[in-house]
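Fold and geometry: a report
Each chain is listed here by its residues.
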Amino acid sequence: MFSVLFLLVAWAAAGISCARLCFAAVEAARPAAESPGQKQALTLYEAAFLAGGPHRVTELTLVSMHRRRRLLLAHTGWATVVDPEGADDLERSVIGAIGPAGQARIAAVRAAASAADAVRALADRLVSAGLAVPDSARSHVASAVRGVQGATVLTAALAAVTLLLPPQEQGADAAFLAWFALPLLLTLGCLAIARIEVHPYTRWASPDGQRLLGSLSPKSDGDERAFLTAVAVRGVGAVDDPALRAALTGSRTAHRSH
């Protein structure tokens, strides 16, 4: 009796959680209605946000300021202000995150600047233009993924409890384990598909935003804009300066460890 009840609970949890994830993923990927004023090109900051979110925008700003000698990024993980006058709101946010002392840890600057009003305003503009996925949709997808993960753990736990129950008849354990395998395969398969289709739960760019991102073609031909485009699209991995890459990746690793 309990075995059947456990099996029904496992099936219900698996079915509901997977259906919720499917609906959340479809809603997040729903294309925005086209408008006559729809953007046909992206700025570097917009491309950075659509490719990697607020942190990518901050990384691009840091790299750009460092290249123009407005900021010094040391391989030790410290950022030092050289020119306190920012060229735009995002640069002023970085300078403000460093503080009046003119020097701060890059990890702390990255975190503070990524949460600044300038980045939020950039995100709002992209969402309004239908190029970025709203935070609510991203939250729903992430919550749905956690629900499927919970259903997976619940199914495995119920199967284990069923094994501990006294068998009602010969071969009953094997039969019930086979039935528990089906919802387990459903949830694991759903998680595997989500890992590919909606990773990292979910993309920052909407389908329209991904289309515009795909039209960018960063090339390593020595041109400054092409270099910054590569950083916006691919992140720190596009930085060819070992010291600068160490400054950014080392500080990020230290921040995560902390």
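Residues of helix α9 (residues 224-234) that are buried include every one of Ala-226, Phe-227, Leu-228, Thr-229, Ala-230, Val-231 and Ala-232, and no others. For α9, the secondary structure elements touched by its buried residues are α2 (44-67). The N-capping residue of α9, defined by a side-chain oxygen 3.2 Å from the backbone nitrogen of Arg-225, is Asp-223. In the stretch just after α9, Gly-235 is the one whose phi turns positive, near 85 degrees.

With that settled, the discussion passes to the packing of α2 against helix α3 (residues 89-98). Relative orientation of the contacting elements α2 and α3 amounts to 60 degrees, with a least axis distance of 10 Å. Viewed along their axes, α2 and α3 adopt a mutual orientation that is oblique. Read as a crossing pair, α2 and α3 show a hand that is right-handed. Across the interface between the two elements, Tyr-45, Val-57, Thr-61, Leu-62 and Met-65 of α2 pack against Leu-90, Glu-91, Val-94 and Ile-95 of α3. When the residues that make up the contact of α2 with α3 are grouped by side-chain class, the tally is 7 nonpolar, 1 polar and 1 charged.

On to the sheet that holds strand β1 (residues 71-73). Pairing in this open sheet of 3 strands is antiparallel, and the strands run β1-β2-β3 from one edge to the other. The open sheet has two edge strands, β1 and β3 (103-105), and neither has a second partner. Neighbour to neighbour, the strand axes of the sheet diverge by 20 degrees on average, direction disregarded. Bridge analysis of strand β2 (residues 78-81) against β3 gives 3 bridges, and the strand direction is antiparallel. Bridge assignment links Ala-79 to a residue of β3, and that residue is Ala-104. Together, β1, β2 and β3 form the strand contacts of helix α4 (residues 106-114), whose direction differs from that of β3 by roughly 90 degrees.

Turning to the nonpolar core, a few remarks are in order. By size, the foremost hydrophobic cluster in this structure holds 45 residues, and its most contacted members are Phe-49, Leu-50 and Leu-73. Listed by contribution, the elements that provide at least two residues to this core are α2, β1, α3, α4, α5 (117-128), α8 (207-214), α9 and α10 (242-257). If one sorts the elements of this core by residue count, α2 sits on top with 11 residues. Residues within four places of Phe-49 in sequence aside, it is in contact with Pro-54, Val-57, Leu-122, Ala-123, Leu-126, Ala-132 and Trp-204. Leu-21, Ala-28, Val-133 and Val-141 belong to the second-largest nonpolar core, a separate cluster that totals 13 residues.

Within the element layout of this structure, Ser-143 appears in helix α6 (residues 135-164). Using a relative accessible area of 21% as the deciding quantity, one classes Ser-143 as partly exposed. Residues Ser-143 and Ser-17 lie 126 residues apart in sequence; the distance between their C-alpha atoms is 9.9 Å.

One pass over the full model with this rule turns up 8 salt bridges. With a shortest N-O distance of 2.7 Å, Glu-224 and Arg-67 are connected by a salt bridge. A residue pair is termed long-range when its members are at least 10 positions apart, and Glu-224 in helix α9 and Arg-67 in helix α2 qualify at 157 residues. By relative accessible area, which is 33% here, Arg-67 ends up partly exposed.

Cut-offs used in this document
- Residues numbered from 1 in each chain as written.
- Predicted model: local features only at pLDDT ≥ 70, side-chain atom pairs only at ≥ 80, totals over all residues.
- Heavy atoms only, no water.
- Buried < 20%, exposed > 50% of the residue type's maximum accessible area, 1.4 Å probe, protein only.
- Helix = DSSP H or I, 4+ residues; strand = E, 2+ residues; numbered from the N terminus.
- Contact = heavy atoms within 4.5 Å.
- Polar contact = N/O pair within 3.5 Å; in protein donor to acceptor, adjacent residues only side chain to side chain.
- Axes fitted to C-alpha atoms, helices over the stretch in contact; angles between N-to-C directions.
- Parallel < 35°, antiparallel > 145°, perpendicular 65-115°, else oblique.
- Left-handed = near helix turned anticlockwise from the far one by under 90°.
- Nonpolar A, V, L, I, M, F, W, Y, C, P; charged D, E, K, R; others polar.
- Pairing = 2+ DSSP bridges.
- Core = buried A, V, L, I, M, F, W, Y, C linked by side-chain atoms within 4.5 Å.
- Salt bridge = Lys/Arg side-chain N within 4 Å of Asp/Glu carboxyl O.

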